[in-house]
Amino acid sequence: IPSKITKIACIGAGYVGGPTMAVIAQQCPHIQVTVVDINEKRIADWNADDLSQLPVYEPGLPEVVAAARGRNLFFSTDVEGAIRDAQMIFMAVNTPTKTFGVGKGMAADLKFVELCARQIAKVATEDKIVVEKSTLPVRTAESIKTILESEGNGLTFRVLSNPEFLAEGTAIEDLYKSDRVLIGGDEDADGQTAIQALVDVYANWIPREKIITTRLWSSELSKLTANAFLAQRISSINAISALCEQTGADVDEVARAIGMDSRIGAKFLKSSVGFGGSCFQKDILNLVYLCHHFNLPQVADYWEQVVMLNDYQKHRFAKRIIDSLFNTVSGKKIAFLGWAFKKDTNDTRESAAIYVADELLHDRAEIHVYDPQVKAEQIYADLEYLQKHRRTNSHSCSEQEPITVDEIRSLVHVHNDAYTAMDNAHAIALLTEWDEFKHYDWAAVYQAMKKPAFVFDGRNILDRKQLTELGFNLHSIGKG
Ligand code: NAD
Ligand code: UGA
């Protein structure tokens, strides 16, 4: 098994593969890193001269790519060539929730991972270390190993689990100063050699004491558990936000008060319109599916509630808009500030904005969206995708007729300017916490809106005192 790594391949040039490999290449000039993808457009964008066109918007990423690209960082569509050359191959392909068949709406779809394993086995001519970077159900390494060994012409393969903990929007910072790097592997001699080879890569910039090594299954399960715990904190504070709205308590004050208890901690207690992103929901549903698989229904129900509460929170926000606007938004102009699932990213997967928009569209609202980083086509694609792939147990309009593509195109308008989106609007819904929203000329916005001028701040970032003094009818999360 290779013990010294000079060539790395990464399959999957997405939000994880791109930034993680760019940082490895930047920090390890002696290692050649090749990131491959079957998506030709994505690879072309990674190779674009204009670094503002990179497929992933992430603060600090253009600088990292500029430092390493062409030196020891390469983006290519030659998947087989990269596999053949590398001693260590990362799999950073997507693992979405299955939308059909066994485990539909719950289990992770591992077809891309399986395809990678088959391709590695087919083209490898030397022993390799294969690293799971994608988030996977516990014991997936076993399946990967079986495929590699059955198809791999007698070569030796070692599978490591090295889950990624970066958050979008802060990916580069997270990769530079990881709280920890987790590497799981086999306990035998080859397994330990493989683990050490990967430890040596990270040790180029991560302090040794932050690199922890475990058994394979612990590493795989730690990733799902970390995301489940993080999401659970948000659902917990969001549950309390509903109670705050009924009682006159203020959820931000409650979060601050409990967060100062060092056993609870202050981070990840920001109440919101609901968590989004490609992973929290997917990973919890995956955990729930695993628990059912191992006949642990009570454990499954416990974790599923985190997702159900999140559905409820998004639904509650949409309902509050409709209720406040005299029980109908039909034909009314609603401005959406933000579409991305959080600030500082162009990623919209599972963004709360999509679900809130969907509920308002069912009431025939006219939605005018402004997001500093999201393109119009993405917004239409998100709404169209939801009509086809709605989770049946979710809170939103599951029993209603899907909205047609034509209706979406005629009711949703995308603006390049926030002020035109808000001009003459009946209400503003703030869905993403982009910093620029705080600094708008709110007096001018108020003048240009229909009265009463409603603002629904789904992120609690606007200045409540200022906006109410200007005359806005402001609704925040978890504030009576
Ligand atoms: P993504 O969809 O942005 O990227 C995956 C890429 O893999 C796509 O570009 C796709 O074309 C490519 N791909 C799929 N099959 C391929 C194949 N056979 N050969 C070559 N390329 C192939 O996904 P992502 O957000 O980067 O997530 C990847 C994995 O990392 C997931 O398992 C996810 O759960 C996990 N993860 C994501 C994040 C995050 O912040 N997005 C953080 C931690 C972990
Ligand atoms: C999350 C985890 O934070 C990462 O550690 C993990 O690697 C990643 O998932 C993954 O596995 O994909 P990410 O989804 O990129 O990262 O972003 P987060 O900062 O976790 O935010 C997720 C969602 O929760 C966002 O919609 C955000 O607005 C929301 N959120 C977050 C809140 O509503 N309140 C909070 O206090 C924190």
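Fair warning: this is a prediction, and the values are worked out from it, not measured in the lab. (Residues numbered from 1 in each chain as written. Chains lettered and ligands numbered in written order. Predicted model: local features only at pLDDT ≥ 70, side-chain atom pairs only at ≥ 80, totals over all residues. Heavy atoms only, no water.)

**Quick word on the domain arrangement of the chain**
- Domains assigned within the chain are domain 1 (7-206) and domain 2 (226-476).
- Centre-to-centre separation of domain 1 and domain 2, based on C-alpha positions: 32 Å.
- Each partner contributes residues to the interface: domain 1 has 25 residues there, and domain 2 has 23 residues.
- By the criterion of area lost to domain 2, the three top residues of domain 1 are Tyr57, Met106 and Glu168, representing 38% of everything that side buries.
- Here domain 1 and domain 2 share one salt bridge between them.
- With its nearest N and O atoms 3.8 Å apart, the salt bridge here joins Arg349 to Glu168.
- Across the contact surface, domain 1 and domain 2 share six residue pairs in polar contact (both at pLDDT 80 or more).
- Residues that form the side of domain 1 that touches domain 2 fall into these classes: 15 nonpolar, seven polar and three charged. (Domains from an automatic or database assignment. Contact = heavy atoms within 4.5 Å. Buried area = accessible area lost by both parts, 1.4 Å probe. Salt bridge = Lys/Arg side-chain N within 4 Å of Asp/Glu carboxyl O. Polar contact = N/O pair within 3.5 Å; in protein donor to acceptor, adjacent residues only side chain to side chain. Nonpolar A, V, L, I, M, F, W, Y, C, P; charged D, E, K, R; others polar.)

**Some details on the environment of Phe112**
- When you line up the elements, Phe112 lands in helix α5 (residues 111-123).
- A relative accessible area of 26% means that Phe112 is categorised as partly exposed.
- Apart from residues lying up to four places away in sequence, Phe112 is in contact with Val93, Asn94 and Pro96. (Helix = DSSP H or I, 4+ residues; strand = E, 2+ residues; numbered from the N terminus. Buried < 20%, exposed > 50% of the residue type's maximum accessible area, 1.4 Å probe, protein only.)

**Examining the site of ligand 1**
- As a matter of local geometry, ligand 1 sits amid 24 residues, with Asp37, Arg42, Thr95, Glu168 and Lys282 nearest to it.
- Thr95 places a side-chain nitrogen or oxygen 2.6 Å from an oxygen atom of ligand 1.
- Separating an oxygen atom of ligand 1 from a backbone N or O atom of Thr135 is a distance of 3.0 Å.
- Considered on its own, ligand 1 offers 830 Å² of accessible surface; in the complex 92% of this is hidden by protein.
- Of the residues contributing to the shell around ligand 1, the split by class is nine nonpolar, eight polar and seven charged.
- The residues that make up the shell around ligand 1 include at least three from each of domain 1 (7-206) and domain 2 (226-476). (Near = heavy atom within 4 Å. Areas by Shrake-Rupley, 256 points an atom, 1.4 Å probe, with all protein chains shown as cover.)

**Thoughts on the nonpolar core**
- Ranked by internal contacts, the top residues of the largest apolar core, which has 60 residues, are Phe336, Leu337, Trp339, Leu360 and Trp442.
- In terms of residue count, the dominant contributor to this core is helix α13 (residues 352-362) (eight residues).
- If we skip the residues at most four places from it in the chain, Trp442 touches Leu337, Met422, Ile428, Phe437, Leu462, Gln466, Leu467, Leu470 and Phe472.
- Core analysis: the next-biggest nonpolar cluster, separate from the first, contains 46 residues, Cys28, Ile31, Val33 and Val131 among them. (Core = buried A, V, L, I, M, F, W, Y, C linked by side-chain atoms within 4.5 Å.)

**Focus: the site of ligand 2**
- The immediate surroundings of ligand 2 are formed by 20 residues, with Phe165, Leu166, Ser272, Cys279 and Arg459 found nearest.
- Lys223 has a polar side-chain atom sitting 2.8 Å from an oxygen atom of ligand 2.
- With the chains in place, 90% of the 700 Å² that ligand 2 exposes on its own is no longer accessible.
- No other element matches the four residues that helix α9 (residues 216-247) contributes to the shell around ligand 2.
- Split into classes, the residues belonging to the shell around ligand 2 amount to 11 nonpolar, three polar and six charged.

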